[in-house]
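# Reading the structure
Residues per chain are reported as follows:
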Amino acid sequence: MFEKEVYIKRRNQLKSELKTGIALFLGNVDTAFNYPANLYNFRQDSQFLYFFGLQNPGFAGVIDFDNGTEYIFGNDFDIDDIIWMGVQPKVSELAAKVGVHNTGEYKDLINLLSKASNESQKINFLPPYRGETIIELSTLLGISINDVQKRASERLIKSVIKIKEVKSEEEIKEIEKAVDTAYEMHTTSMRMAIPGRIEQEIVGKIEGISLASGGPVSFPIILTQDGQTLHNHHHDNILEVGRMMVTDAGSETQECYSSDITRTVPVGGKFNKRQSEIYQIVLDANLAAIHAVKPGTKFKNIHFVAAKVIIEGLIKVGLMKGNSEKALKAEAHTLFMPHGLGHMMGMDVHDMEGLGENYVGYDEETHRETSFGTAYLRLGKELKPGFVITIEPGIYFIPDLIDKFRRENKFKDFINYDKVETYKDFGGIRIEDDILVTENGCRVLGKPIPKTIEEVEAVMANPL
Ligand code: GLY
Ligand code: MN
């Protein structure tokens, strides 16, 4: 955990945003894996963790904005807990570590909430994403389970996002730690990408690197030579020369800050001509987009910077045709990159997505597009110093999408379908980095992970 002043400052920031009512933050509880005593690894709720710093299951935090009081509710370990799980500091001792001096047993929470409700204080809470939390909010607040989501407080959502989207020095250090673990994961994955190996073996090895560094992976690993499927979690292919292997993987630190990195490599370690041509276009798009990142620029425009590079590159290799500006306007690149350029990253790999993607990625000035592909862009709004974002362009040859668009004559002035047909066995390429928006531009976080063709081939020259 950070110094207690970090959490005090964060709660004070929230107090200066919401001046009345109370905010209720339910921490997560332990969740059964396949029977009650066999649990998933515990992961604290990111919002509770941000403001209250404690990674214990079954805790809740409250801030009363009317009088400035803060509370943590939770139960001290009893003798049975101590026998099975060891001695644990008392709730009051834990709370003191994060600067909170009012504590109570978990059952006392309901009294506080009833009193607030009797005094007509508004009880603000964030949208829950776990069934247990929905049930608990319903019980504590006396609202129907079906109404819990819609009763979440927009005022609290917007305030939390405003505070959390700008990362502090200590958070950036944590994220860089997570990227450095990703460096080990990705260079290992590259070196293990040899023909005849089953993908799962690499997945297991790199997930172990994350765990050995202190935290789990920040999302289930995507690792596949069928990279045309954007979020492919099947790892049962036997690697073959001639295929590209996508690894999209990151790690979480003990404080639950993430990394999210993608690299794509030729199985066996040498790019062939077709692979190097497409790879270089994606790399150029990644670099051009990073170059364009600066405060005051809308991320949506950076998405289109990358799209333009992809269109121009694909025209050069004969997969697209026509005028690149017109192709961009028609969004013809979405046949090859039907996803957004990136997203916010922090404690959650898609930072605060549970609070509502549009609240995190868009605002009054920037609205989400509705067109195919571009609608998937998770972040569109203007960038500010302190934002941590991903830049992850890609080119994919998705046979079903190619067939569909061809049947529909879609983008026929911009796509050379006959040539595209010959790439249906190609797979996909994505290259992703984690970027801090600075006062004047940006900085790629963490130890640089090999990404030029020469760098990737050099790492792969030492197979594991
Ligand atoms: N790394 C997975 C994603 O960004 O969706
Ligand atoms: Mn990502």
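The structure reproduced in this document is the subject of the present report. (Residues numbered from 1 in each chain as written. Chains lettered and ligands numbered in written order. Predicted model: local features only at pLDDT ≥ 70, side-chain atom pairs only at ≥ 80, totals over all residues. Heavy atoms only, no water.)

## Quick word on unusual backbone geometry
Our working rule: Secondary structure is summarised from DSSP: a helix means a run of H or I of at least four residues, a strand means a run of E of at least two, and numbering begins at the N terminus for each. The rule is simple: take the accessible area with a 1.4 Å probe, protein chains only, and divide by the maximum for that residue type; under 20% is buried, over 50% is exposed, in between is partly exposed.
Residues other than glycine seldom take positive phi values, yet Met352 does so here, at roughly 60°. One can find Met352 in the loop between helix H12 (324-330) and helix H13 (357-361). With relative accessibility at 1%, the residue Met352 sits in the buried group. At Phe411, a position not held by glycine, the phi torsion is positive, near 55°. The topology assignment puts Phe411 in the loop between helix H14 (399-407) and helix H15 (417-421). Owing to a relative accessible area of 14%, Phe411 belongs among the buried residues under this scheme.

## Concerning the packing of helix H10 (residues 273-292) against helix H11 (residues 299-316)
Filter applied, for reference: Lines are fitted to the C-alpha atoms to define the axes, a helix being fitted only along its stretch in contact, and any angle between axes, read from their N-to-C directions, falls within 0 to 180 degrees. Note on terminology: angles under 35 degrees are roughly parallel, angles over 145 are roughly antiparallel, angles of 65 to 115 are roughly perpendicular, and the others are oblique. Handedness of a crossing follows from how the near helix is turned relative to the far one, being left-handed for an anticlockwise turn of less than a right angle and right-handed for a clockwise one. In what follows, residue pairs with any heavy atoms lying within 4.5 Å of each other are defined as contacts.
Here H10 crosses H11 at 155°, and the two axes come no closer than 8 Å. Taken together, the axes of H10 and H11 lie roughly antiparallel to each other. For H10 against H11, the interelement crossing comes out right-handed. Between H10 and H11, the residues in contact are Ile278, Ile281, Asp284, Ala285, Ala288, Ala289 and Ala292 and Ile302, Val305, Ala306, Val309, Ile310, Gly313 and Leu314, respectively.

## Section: the layout of surface pockets
Rules: Any residue with an atom within 4 Å of a point lines the site, the site being either a cavity, points on a 1 Å grid over the protein atoms alone where a 1.4 Å probe fits but cannot get out, or a pocket, an open set with protein on both sides within 12 Å along at least 5 of 7 lines. Grid points are joined across faces, edges and corners, and a volume is the space filled by probe spheres set on the points. Note that Gly is not counted as nonpolar here; it falls among the polar residues with everything else outside the nonpolar set of Ala, Val, Leu, Ile, Met, Phe, Trp, Tyr, Cys and Pro and the charged set of Asp, Glu, Lys and Arg.
Approximately 1,100 Å³ is the volume attributed to the largest pocket. Lining the largest pocket are 45 residues, and of these Asn28, Arg43, Gln44, Tyr129 and Arg130 lie nearest its centre. Going through the elements one at a time, strand S1 (22-26), helix H2 (46-52) and helix H6 (131-141) are the ones with two or more residues in the lining of the largest pocket. Top contributing element to the lining of the largest pocket by residue count: S1, with three residues. Each residue belonging to the lining of the largest pocket can be placed in one class, and the counts come to 23 nonpolar, 15 polar and seven charged.

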